[in-house]
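Coordinates in review
Listed here are the chains, written in short residue letters.
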Amino acid sequence: MIVGIIGGGQLARMLALAGRPLGIECIFIDPGVDVSAAGTGRHWRGEYDDQALLRRMVASADVATYEFENVPPVTIEYLAQHMTVFPGALALSCARDRLHEKSLFDRLGIPTVAYRAVGSRADLTEAVAALGLPAVLKTRRFGYDGKGQMVLRDKADLDAAWEKLSGPDLILESFVDFGRELSVIAVRGRTGDTRFYPLSENVHDRGVLASSRGRPGDPRTAQAYAYMEVLLRELDYVGVLALELFEVGDRLLANEMAPRVHNSGHWTIEGSETSQFENHLRAIVGWPLGETVSVGHTVMFNCVGHLPDPAAVLKVPGAHWHDYRKAVRPGRKVAHITARAADASGLEAATAALKAFLPGHILG
Ligand code: AMP
């Protein structure tokens, strides 16, 4: 079985590594020179919309998928015309635009953050009058890891934010004073069979995910699963879908969704019976899904802009090391560490020991 992946970053790398024991081989299209996934499959170097490479993909792979939302629409259109592509075009088009995404949440009765579309400076003034401050101004597309967004605290911030972000279409959101950030990850197969992972409790640092902890039995589980179920059915979804949520009191507000494997699910590699990566592959090739029950207590820490010494990290009992083989640059995710323990106190001990390798890290 051969899976074609648009993108050759760390998500593609972890998909390919999960595919190995199953006999699934991956092909990546990515313009990068020494991409993270290289060495775990076949890297075809070129733009994501390179016609010749897409034709080769159609001829060589059984099914196609992608590791990021901003795949050029022409790429998905071409692939979908000539081969099976999962997740489908509807999920991708909703997820790549924050306004479409929030309209979808509204339509499906999934509570979300109050928002207004902003296309002009006058719209921004009106949106601030309607939503109040603080608020967050975001680009509708191409934002990730906190990029393309600014928090507005008072009226004096509006001009600077407009100067910085205007050009592309924008959205203004109320600033949510959340208690926790959670995400729910689920997988749906070609026949509609669905499995949910335990919720992830996530801590972000300046918009970038710092840590995710598996929370089996979390009190918000039923609510999160209900939202996810509606989304999966509406989108006739196949593959792994992630939904990020803000917890406000005992309510959940949807923030955004990702039609792909997700950073907040990396802990499932060691922490679940079947990882999100294996289950995404099983779903898109049409194989039975694996169980998603937790195996112990698990937390994942991202290594952002620094690469700890693996020989030191691995001295910590229960620690697992994942090196993306990327050049270290400020703000860049280059590795992650997962700690798994049989009980909560074991996990606390591992977390305390790992602090030494996570400079300035916010430990959730
Ligand atoms: P996003 O790219 O929308 O996932 O935003 C990245 C992170 O910024 C989120 O995980 C939150 O920590 C924070 N954030 C985004 N939108 C809001 C909001 N409306 N209110 C409060 N914090 C936010």
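Figured I'd write up the structure that's included with this text. The shown structure was predicted, so the numbers you read here are calculated from the model rather than taken from an experiment.

1. A short note on the sheet that holds strand 7 (residues 135-139)
Through backbone hydrogen bonds, the strands of a sheet pair up, either in parallel or in antiparallel fashion. Here four strands make up an open sheet; going across it, the order is 6-9-7-8 and the pairing antiparallel. With one partner strand each, in any of the chains shown, strand 6 (115-118) and strand 8 (149-152) form the two edges of the open sheet. Neighbouring strand axes in the sheet, compared pairwise and without regard to direction, differ in orientation by 20° on average. Across four bridges, strand 6 lies against strand 9 (residues 170-174) in antiparallel orientation. In the sheet register, tyrosine 115 faces strand 9, and the bridge partner there is glutamate 173. Against the sheet, helix 7 (residues 157-165) engages strand 6, strand 7, strand 8 and strand 9, with an angle of about 175° to strand 8.

2. Structural notes on the site of the ligand
Around the ligand, 16 residues are found, and the nearest of them are Arg98, Lys138, Val176, Glu181 and Glu256. A distance of 2.7 Å is found between an oxygen atom of the ligand and a side-chain nitrogen or oxygen belonging to lysine 138. Between the ligand and the protein, one listed contact pairs a nitrogen atom with a backbone N or O atom of valine 176 at 2.8 Å. For the ligand, whose accessible area on its own is 470 Å², the fraction buried by protein is 91%. For the shell around the ligand, the residue count by class is five nonpolar, five polar and six charged.

3. Some words on the packing of aromatic side chains
Per the stated rule, a full pass over the model turns up three aromatic pairs. Measuring from centroid to centroid gives 4.4 Å for phenylalanine 196 and tyrosine 225, while their planes differ by 20°, and the two rings are stacked. With phenylalanine 196 in strand 11 (residues 194-196) and tyrosine 225 in helix 8 (residues 221-234), the pair connects residues that are 29 residues apart, well separated along the chain. Relative accessible area serves as the criterion here: at 18%, phenylalanine 196 is assigned to the buried category. When the ring centre of tryptophan 44 is taken as reference, the NZ or CZ atom of arginine 56 above it lies at 4.0 Å. In this structure, arginine 153 is placed above the aromatic ring of phenylalanine 175, and the distance from its NZ or CZ to the ring centre is 5.5 Å.

4. Describing the side chain of threonine 268
Looking at where threonine 268 falls in the secondary structure, it is placed in helix 9 (residues 268-271). Residue classification places threonine 268 among the buried positions, given a relative accessible area of 1%. Only 2.9 Å separates the side chain of threonine 268 from the backbone nitrogen of glutamine 276, close enough to count as a polar contact. Excluding its chain neighbours within four sequence positions, the residues that come into contact with threonine 268 are Tyr197, Thr274, Ser275 and Gln276.

5. A word on the nonpolar core
Core analysis: the largest hydrophobic core is formed by 29 residues, its most contacted members being Val3, Ile5, Phe28, Phe277, Leu281 and Ile284. Here this core takes six residues from helix 1 (residues 10-19), the largest share from any one element. Listed in part, the 25 residues of the second largest apolar core include Leu232, Leu241, Leu245 and Leu252.

Cut-offs used in this document
- For every chain, the first residue of its written sequence is number 1, and the numbers climb from 1 along that sequence.
- Local features are withheld for residues below a pLDDT of 70 in this predicted model, meaning they are given only at 70 or higher, and side-chain atom pairs are given and counted only at 80 or more; totals for whole chains, interfaces and linings count all residues.
- Heavy atoms from the whole structure form the basis of all side-chain values; hydrogens and water molecules are not counted.
- Strands were regarded as paired on the criterion that DSSP finds at least two bridges between them.
- Runs of E in the DSSP output that reach at least two residues are strands. Runs of H or I that reach at least four are helices, and both are numbered from the N terminus.
- Lines fitted to C-alpha atoms define the axes, with helix axes restricted to the stretch in contact, and inter-axis angles between N-to-C directions lie between 0 and 180 degrees.
- Any pair of residues with heavy atoms lying within 4.5 Å of one another is described as a contacting pair.
- By convention in this text, a residue qualifies as near a molecule or strand provided that one of its non-hydrogen atoms is within 4 Å of it.
- Any N or O atom pair separated by 3.5 Å or less is treated as a polar contact, with the protein-specific requirement of one donor-capable and one acceptor-capable atom, and with residues adjacent in sequence counted only for side-chain atom pairs.
- Accessibility throughout is a Shrake-Rupley quantity obtained with a 1.4 Å probe, and a residue counts as covered only by protein chains that appear here.
- Residues are grouped as follows: Ala, Val, Leu, Ile, Met, Phe, Trp, Tyr, Cys and Pro are nonpolar; Asp, Glu, Lys and Arg are charged; every other residue, Gly included, is polar.
- Whether two aromatic rings pair depends on their centres lying within 6.5 Å, for rings of Phe, Tyr and Trp, where Trp uses its six-membered ring; planes under 30 degrees apart make the pair stacked, over 60 edge-to-face, and the rest tilted.
- Only protein chains enter the area calculation, which uses a 1.4 Å probe; residues under 20% of their type maximum are buried, those over 50% are exposed, and those in between are partly exposed.
- Counted as over-ring charges are cases with an Arg CZ or a Lys NZ within 6 Å of the ring centre that also lie within 35 degrees of the ring normal.
- Note on terminology: a nonpolar core comprises buried Ala, Val, Leu, Ile, Met, Phe, Trp, Tyr and Cys residues joined through side-chain atoms within 4.5 Å.

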